[in-house]
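Remarks on the overall topology
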Amino acid sequence: MNFEIKSINTDGTFEGFASLFGREDLGRDVIEPGAFSESLVDRGASGIKMLLQHDPNQPIGVWEELQELPRGLYARGKLMMDVARAREVLSLMIAGALDGLSIGFRTIKARKSDNGAVRHIEKVDLWEISVVTFPMQPLARVSAVKKHGNLSEIDDIALSLKVLQAAKMFQTSTPKG
């Protein structure tokens with residue numbers, strides 16, 4: 001797994017990568033660098049909705065910062081603690097039960113790979129980014145949720161164990177060539 005919880009804060013602020021460039025998702029799409037640039041200029045972070053599970057009836061917060069970085073679309077947002085569902089989402093994030101991020105968009109420009117199996121998305125109209133249970137891009141995850149400052153030493157040990165367990169599972173599930 002390529003994600004890390006750095007800190008947790010009950011104000012509802014969190015961050016992560018909503019999309020990773022150059023990585024095939026479960027739908028056989030690859031988002032290319034620059035795909036979000038025009039949409040981010042046109043809408044800004046405040047024009048992109050934060051939803052739960054892509055449900056337009058469940059807005060749970062606001063995006064404070066969205067930017068394309070070399071790795072992908074970085075997102076920093078804040079859950080609205082006055083909204084009951086947002087408080088539930090924060091609790092689930094802290095527990096590690098809910099950590100996926102997923103984008104909702106309209107494709108503007110794409111091309112097929114040479115064999116036609118993969119769609120390379122070059123330009124999108126980004127509508128929303130959702131906190132989800134199962135993202136189409138498995139590595140699109142919340143990487144930090146803030147809670148009372150820094151992690152305690154016990155939390156650091158627990159996180160290290162989780163990372164080692166995930167690495168061990170990955171090694172045993174990877175086909176040997």
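Residues numbered from 1 in each chain as written. Predicted model: local features only at pLDDT ≥ 70, side-chain atom pairs only at ≥ 80, totals over all residues. Heavy atoms only, no water.

Structural notes on the overall build of the protein
In terms of regular secondary structure, the protein is built from three helices and 10 strands. Among the 177 residues that make up the protein, the fraction classed as buried is 40%. Sequence separation of at least 24 residues holds for 71% of the intrachain contacts in the protein that already meet a minimum separation of 6. (Helix = DSSP H or I, 4+ residues; strand = E, 2+ residues; numbered from the N terminus. Buried < 20%, exposed > 50% of the residue type's maximum accessible area, 1.4 Å probe, protein only. Contact = heavy atoms within 4.5 Å.)

Description of the packing of aromatic side chains
In the structure shown here, the tally under the stated rule is three aromatic pairs. Here the guanidinium or amino end of R71 rests over the ring plane of F17, the centre of that ring lying 4.7 Å away. (Phe/Tyr/Trp six-rings, centres within 6.5 Å; stacked < 30°, edge-to-face > 60°. Lys NZ or Arg CZ within 6 Å of the ring centre and 35° of its normal.)

Remarks on the nonpolar core
Counting residues in each nonpolar core, the largest one holds 31 residues, and the members touching the most others are F14, F36, W63, L79 and I129. Broken down by secondary-structure element, the contributors of at least two residues to this core are strand 2 (13–20), strand 4 (49–52), strand 5 (55–68), strand 6 (72–79), helix 2 (84–95), strand 7 (100–112), strand 8 (119–132) and strand 9 (142–145). Top element by residues in this core is strand 8. It accounts for five residues. Other than its neighbours up to four places away in sequence, F36 contacts S19, F21, I31, E68, L73, I103, V124 and L126. (Core = buried A, V, L, I, M, F, W, Y, C linked by side-chain atoms within 4.5 Å.)

Examining unusual backbone geometry
Here the phi dihedral of R28 falls at roughly 70°; this positive angle occurs in a residue that is not glycine. Mapped onto the elements, R28 comes out in the loop between strand 2 and strand 3 (29–31). With a relative accessible area of 40%, R28 lands in the partly exposed category. Positive phi outside glycine occurs at H54, with the angle close to 65°.

Some details on the pairing of strand 7
As judged from the 12 bridges shared by strand 7 and strand 8, these two strands associate in the antiparallel manner. Within the sheet, the bridge partner assigned to K109 lies in strand 8 and is K123. Hairpin geometry of strand 7 and strand 8 is characterised by an intervening segment of six residues between the two adjacent antiparallel strands and by a positive phi of about 75° at G116. (Pairing = 2+ DSSP bridges.)

Things to note about the confidence of the model for the protein
With 77% of its residues at a pLDDT of 70 or more, the protein has an overall mean of 83. A low-confidence stretch, residues 1–8 (pLDDT under 50), is modelled with 29 contacts involving residues beyond four sequence positions or located in other chains. Scored below 50 in pLDDT, residues 148–161 makes 12 contacts in the model with residues more than four places away or belonging to other chains. (pLDDT = per-residue confidence, 0-100.)

Brief notes about the pattern of salt bridges
The full count for this structure, using the stated rule, is 11 salt bridges. Where R85 meets E88, a salt bridge forms, and the shortest distance between an N and an O atom there is 2.7 Å. Placement of both R85 and E88 in helix 2 is noted, with a separation of three residues, approximately one turn of the helix. Look at R85 and you get partly exposed, because its relative accessible area is 38%. The partly exposed category is assigned to E88, whose relative accessible area is 41%. Here D99 and R141 are joined by a salt bridge, their closest N and O atoms 2.6 Å apart. (Salt bridge = Lys/Arg side-chain N within 4 Å of Asp/Glu carboxyl O.)

Things to note about the pairing of strand 5
As paired elements, strand 4 and strand 5 share four bridges and run antiparallel to each other. Paired with M50 across the two strands is G61, which belongs to strand 5. Between the end of strand 4 and the start of strand 5, which pair antiparallel, lie two residues, with Q53 showing a positive phi angle near 55°. As paired elements, strand 5 and strand 6 share seven bridges and run antiparallel to each other. Bridge pairing in strand 6 places W63 opposite G77. Between strand 5 and strand 6, which follow one another and run antiparallel, lie three residues.

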